[in-house]
Amino acid sequence: MSSVIKQEFPITKDVLGARNEYSQDEKEEKKKIIKKLLKERDAKIVAHYYVHEDIQEIADETGGFVADSLEMARFGMKQKESTLIVAGVRFMGETAKILNPEKKIIMPTLEAECSLDLNCKYSEFKKFCDQFPDREIVVYANTSAKVKAMADWVVTSSIAVKLIEYLKNNRKKIIWAPDKHLGNYIKNITNADMKIWKSSCIVHEEFKSNLLIDLKKEHPDAAVLVHPESDLKMINLANVVGSTTQLIKASKELPNKKFIVATDNRIFYKMKQSSPDKTFIEAPSGGAGATCKSCAHCPWMAMNDLEKLENVLMNQNNEIILDPKTIEEAAISTNKMINFAKEFLK
Ligand code: SF4
């Protein structure tokens, strides 16, 4: 069976419905309400770097956390609050539920999906895996709870190379899903025996290497930071390739004053926070007038706004519900990732 499948992007009207422009007074008023509700509901916000800076800001101000998906998962497990509000996309809420089954996990919207998850449906992926019963199944965190439940390992981009190296050193053959670019990048580095499912991220796929070459000429002093969900041509032009956390770290530590960044542009909030004197430029994508579906910003991440955050706290709806068996099985592969990260990301 071919692992090439039709990409589906059911982006709803709600994406456009997100409200992100507020007067300073309105914003302060909303934040006041949200802070009060967080206390009343015994809740904490765990947000991804790709959500709007208003949400990142309020997560920081209220003892919540802004991070990549691995760190979001690790942070959530250490919290005493009974409710976690996961501001990101659906698989992140599911991961939080898998690791914290006793907690209530709610999200500003349950419609925020991910093209990688959508294009790795359990039934199709199971058929693919059944063809290679001797291989370890390694899935990226950007998958549904059911897919995690059938996997041997879950990984995020922060630890993917290290885990595949580890499995290769233990003479394991691998099935990798769902991101083909990250899979090919890891395969090139490790030379591991990998069968790769062919899905991709609609945001990182939009970056254009030919336009990046031109932009580099305009800014020869800029370092290029690329997320490994981008294609190989983009990766070959990078000074640093890494997960969101690794790219933020590089922007802080490299001596360059200017960076061209090929990942979701909401990451600039944290980059500017830690390096206010540096300049960050979006890597070129197809552009708003072209066929670009994302233009350097994930349309699903963009669905998270202050209004939805307030509403979900008020109504305590949008809860992630998973069946106990799926939680139990997915917890095995997901906890292996957490334990592996503890051991290898010291
Ligand atoms: S940026 Fe890409 S990988 Fe991340 S949630 Fe959006 S579609 Fe998925």
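What you see is a predicted model; the values in this text were computed from it and never measured. (Residues numbered from 1 in each chain as written. Predicted model: local features only at pLDDT ≥ 70, side-chain atom pairs only at ≥ 80, totals over all residues.)

### Structural notes on the domain arrangement of the protein
As far as domains go, the protein holds domain 1 (14-114 + 300-321), domain 2 (116-198 + 325-344) and domain 3 (204-291). With centres defined by C-alpha atoms, the gap from domain 2 to domain 3 works out at 26 Å. Residue-level contacts link eight residues of domain 2 with 10 residues of domain 3. Residues of the side of domain 2 that touches domain 3, tallied by class, amount to two nonpolar, five polar and one charged. (Domains from an automatic or database assignment. Contact = placed C-beta atoms within 7 Å. Nonpolar A, V, L, I, M, F, W, Y, C, P; charged D, E, K, R; others polar.)

### Topic: the sheet that holds strand S11 (residues 258-262)
Taken in spatial order, the four strands of this open sheet run S10-S9-S11-S12, and their pairing is parallel. One side of each edge strand has no neighbouring strand; the edge strands of this open sheet are strand S10 (240-241) and strand S12 (279-282). Pairing analysis gives two bridges linking strand S9 (residues 223-226) to S10, with the strands arranged parallel. By the bridge assignment for S10, Leu225 is matched with Val240. Of the strands in this sheet, S9, S10 and S11 are in contact with helix H13 (residues 244-253), which crosses S9 at around 165 degrees. (Pairing = 2+ DSSP bridges. Helix = DSSP H or I, 4+ residues; strand = E, 2+ residues; numbered from the N terminus. Axes fitted to C-alpha atoms, helices over the stretch in contact; angles between N-to-C directions.)

### Re the nonpolar core
Ranked by internal contacts, the top residues of the largest apolar core, which has 106 residues, are Ile85, Val86, Val138, Val155 and Leu225. Not counting residues within four places of it along the chain, the set of residues in contact with Val86 comprises Val46, Met92, Gly93, Ala96, Ile105 and Met107. (Core = buried A, V, L, I, M, F, W, Y, C linked by C-beta atoms within 7 Å. Buried ≥ 20, exposed ≤ 12 C-beta atoms within 10 Å, placed from the backbone.)

### Some remarks on the environment of Ser115
With respect to the element layout, Ser115 can be found in helix H6 (residues 115-118). Along the chain, Ser115 and His227 lie 112 residues apart, while their C-alpha atoms are 16 Å from each other.

### Some words on the site of the ligand
Inspection of the region around the ligand gives 14 residues, with Cys114, Ser115, Cys201, Val203 and Cys298 positioned closest. For the shell around the ligand, the residue count by class is 10 nonpolar, two polar and two charged. (Near = placed C-beta within 6 Å.)

### Details of the packing of helix H9 (residues 160-169) against helix H10 (residues 180-190)
The contact between H9 and H10 brings their axes to 10 Å, and the two run at 50 degrees. Here H9 is positioned oblique relative to H10, judged by the angle of their axes. When you trace H9 past H10, the crossing you get is right-handed. Across from Ala160, Val161, Ile164, Glu165 and Lys168 in H9, the residues of H10 making contact are Leu182, Ile186, Ile189 and Thr190. Considered class by class, the residues forming the contact of H9 with H10 number six nonpolar, one polar and two charged. (Parallel < 35°, antiparallel > 145°, perpendicular 65-115°, else oblique. Left-handed = near helix turned anticlockwise from the far one by under 90°.)

### Quick look at unusual backbone geometry
Note that the residue after Ala177, namely Pro178, is joined by a cis bond; omega there is -5 degrees. Within the secondary structure, Pro178 sits in the loop between strand S7 (174-177) and H10. Positive phi outside glycine occurs at Arg171, with the angle close to 60 degrees. Within the element layout of this structure, Arg171 appears in the loop between H9 and S7. For Arg171, a count of 7 C-beta atoms within 10 Å translates into the label exposed.

### Some remarks on H9
Within H9, the full set of buried residues consists of Ala160, Val161, Leu163, Ile164 and Leu167. Considered in projection along H9, the buried side chains sweep an arc of 165 degrees and stay on one side of the axis. The elements touched by buried residues of H9 are strand S5 (136-140), strand S6 (153-155), S7, H10 and helix H16 (324-344). A positive backbone phi angle near 60 degrees is found at Arg171, which sits one or two residues after H9. (Arc of directions from axis to C-beta.)

### Remarks on the pairing of S5
When you tally the buried positions in S5, you get four out of five residues, the bulk of the element. Here S5 runs beside S7; their pairing, made up of four bridges, is parallel. Bridged to Glu136 within S7 is Ile174. Taken together, the three bridges between S5 and S6 define a ladder with parallel strand orientation. Residue pairing across strands places Val138 opposite Trp153, the latter belonging to S6.

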